[in-house]
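# Observations on the three-dimensional arrangement
The chain contents come next:
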Amino acid sequence: MRWIREDLGLTQAQAAAEVNFSAVHLGRFERGESKPPPDTLERIISGYRLDKAMASHLRELAGPAIMLAPPDALRMYVRAEKSLRLNLERFQARAIPAAFIDPFWNLLAHNNLFAEALPGIDDSGSISVWMFSDYSKTVVADPESEGCWTVAMLKSALGRHRNSAQAKDLVSTLAPISDARRLWAASVNVSHGRDSQCPLHAYDANHRLVSYQLALTDGMLAHHVQLVTATPEAYSGPELV
């Protein structure tokens, strides 16, 4: 809450006036000394004029964390489900890279085209970590923009699943990476999905520019397993020198 207020350029006194309660109470919330009740949280969301993603993020932080099964258990679940494996094969036959992931974008299973589109992905086992690796710099046309989106997506996932083993592992893995730390500190933005108007621009295996239309399903049942597909199309990104 303090980070959001500072990003808006408000002092505590100015922010308290916007939400119509005392700066003393606001300070207690920002320092973590007390948690705003639901009606107060809604006043903050409204007073700060937060967008839908950030409003949802604050509500999730104020509520109980949602636990995830460990990645290995999720991988066993995906690999045991014949229908899920067949789904990956169907996308392979349609020349579409596809993978099953958890909310932190840990890789659970993928088809061959997905591994070809993201060389080195099996080494990291995580699309999020891969995005800040040397591999991605040879593939992704705009690493800075994709890094910003990755951080915004991860902040949202950490809000929902902050007590899961994946959250601790992710933070400890990304903390030593300077680009990840820089982008994490640069913005308060969060994201709950991918804008269909924002394809991923990259180089294919032949080093030709291509744009991928990313699609992400909702979590399956109680397992929070998601299917991500990357449909290739003609390059539509900025002109690169």
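The following paragraphs examine the structure supplied in this document. (Residues numbered from 1 in each chain as written. Predicted model: local features only at pLDDT ≥ 70, side-chain atom pairs only at ≥ 80, totals over all residues. Heavy atoms only, no water.)

### Remarks on the pattern of salt bridges
Following the criterion strictly, the structure yields twelve salt bridges and no others. Here R2 ties to E6 by a salt bridge, and the two come within 3.2 Å at their closest N and O atoms. A residue pair is termed a helical-turn pair when its members lie 3 or 4 positions apart in one helix, as R2 and E6 do in helix α1 (residues 2-7) at four residues. Taking relative accessible area as the criterion, E6 reaches 42% and is therefore assigned partly exposed. (Salt bridge = Lys/Arg side-chain N within 4 Å of Asp/Glu carboxyl O. Helix = DSSP H or I, 4+ residues; strand = E, 2+ residues; numbered from the N terminus. Buried < 20%, exposed > 50% of the residue type's maximum accessible area, 1.4 Å probe, protein only.)

### Focus: the sheet that holds strand β2 (residues 107-110)
The five strands are arranged β2-β1-β5-β4-β3 in an open sheet whose pairing can be described as antiparallel. The sheet terminates laterally at β2 and β3 (200-203), the two strands that pair on one side only. Adjacent strand axes in the sheet meet at a mean angle of 30°, parallel and antiparallel pairs treated alike. Pairing of strand β1 (residues 98-101) with strand β5 (residues 226-233) involves four bridges; the strand directions are antiparallel. Its bridge partner lying in β5, I101 is registered against Q226. Helix α6 (residues 71-80) contacts β1 and β2 of the sheet and is inclined by roughly 25° relative to β2. Packing against the sheet, helix α7 (residues 82-93) makes contact with β1, β2 and β5, and its axis sits at approximately 150° to β1. (Pairing = 2+ DSSP bridges. Axes fitted to C-alpha atoms, helices over the stretch in contact; angles between N-to-C directions. Contact = heavy atoms within 4.5 Å.)

### Comments concerning the packing of aromatic side chains
Under the counting rule described, the total for this entry stands at two aromatic pairs. The interplanar angle of 80° and the centroid separation of 5.9 Å between the aromatic rings of F21 and F29 together place this pair among those described as edge-to-face. Centre to centre, the rings of W105 and W149 are 5.5 Å apart; their planes meet at 85°, and the pair counts as edge-to-face. With a gap of 44 residues between them, W105 in the loop between β1 and β2 and W149 in helix α12 (residues 143-160) connect regions that are remote in the sequence. (Phe/Tyr/Trp six-rings, centres within 6.5 Å; stacked < 30°, edge-to-face > 60°.)

### Quick notes on the environment of E30
Turning to its location among the elements, E30 is positioned in helix α3 (residues 23-30). Overall, the relative accessible area of 15% leaves E30 in the buried class. Ignoring sequence-local partners within four residues, the contact set of E30 consists of M1, R2, R5 and Q12. Among the polar contacts listed, one links the side chain of E30 to the side chain of Q12, at a separation of 3.0 Å. (Polar contact = N/O pair within 3.5 Å; in protein donor to acceptor, adjacent residues only side chain to side chain.)

### Let's talk about the nonpolar core
Membership of the largest hydrophobic core comes to 35 residues, with the highest contact counts inside it found for F104, F114, I127 and Y212. By residue number, the principal contributor to this core is α12, which donates six residues. Beyond its immediate sequence surroundings of up to four residues, F114 is in contact with P97, A98, A99, L107, I121, I127 and V228. Core analysis: the second largest hydrophobic core is formed by 17 residues, V19, F29, I45 and L50 among them. (Core = buried A, V, L, I, M, F, W, Y, C linked by side-chain atoms within 4.5 Å.)

### Here's the deal with the packing of helix α4 (residues 38-47) against helix α5 (residues 52-62)
Two numbers describe how α4 lies on α5: the axes approach to 10 Å, and their chain directions differ by 155°. When the interaxial angle is binned, α4 and α5 end up roughly antiparallel. Note that α4 runs across α5; the crossing there is right-handed. Two secondary-structure elements touch here, α4 through L41, E42 and I45 and α5 through A55, L58, R59 and A62. Its residues placed into classes, the contact of α4 with α5 shows five nonpolar, no polar and two charged. (Parallel < 35°, antiparallel > 145°, perpendicular 65-115°, else oblique. Left-handed = near helix turned anticlockwise from the far one by under 90°. Nonpolar A, V, L, I, M, F, W, Y, C, P; charged D, E, K, R; others polar.)

### Things to note about α4
Considered for burial, the residues of α4 that qualify are T40, L41, I44, I45 and G47. Structurally, α4 contributes buried residues whose contacts are with α2 (12-19), α3 and α5. Of the residues trailing α4, R49 is marked for its positive phi of about 55°.

### Points about α5
Turning to α5, its buried residues number three or more, namely A53, M54, A55, H57, L58 and E60. Buried residues in α5 make contact with α1, α4 and α12.

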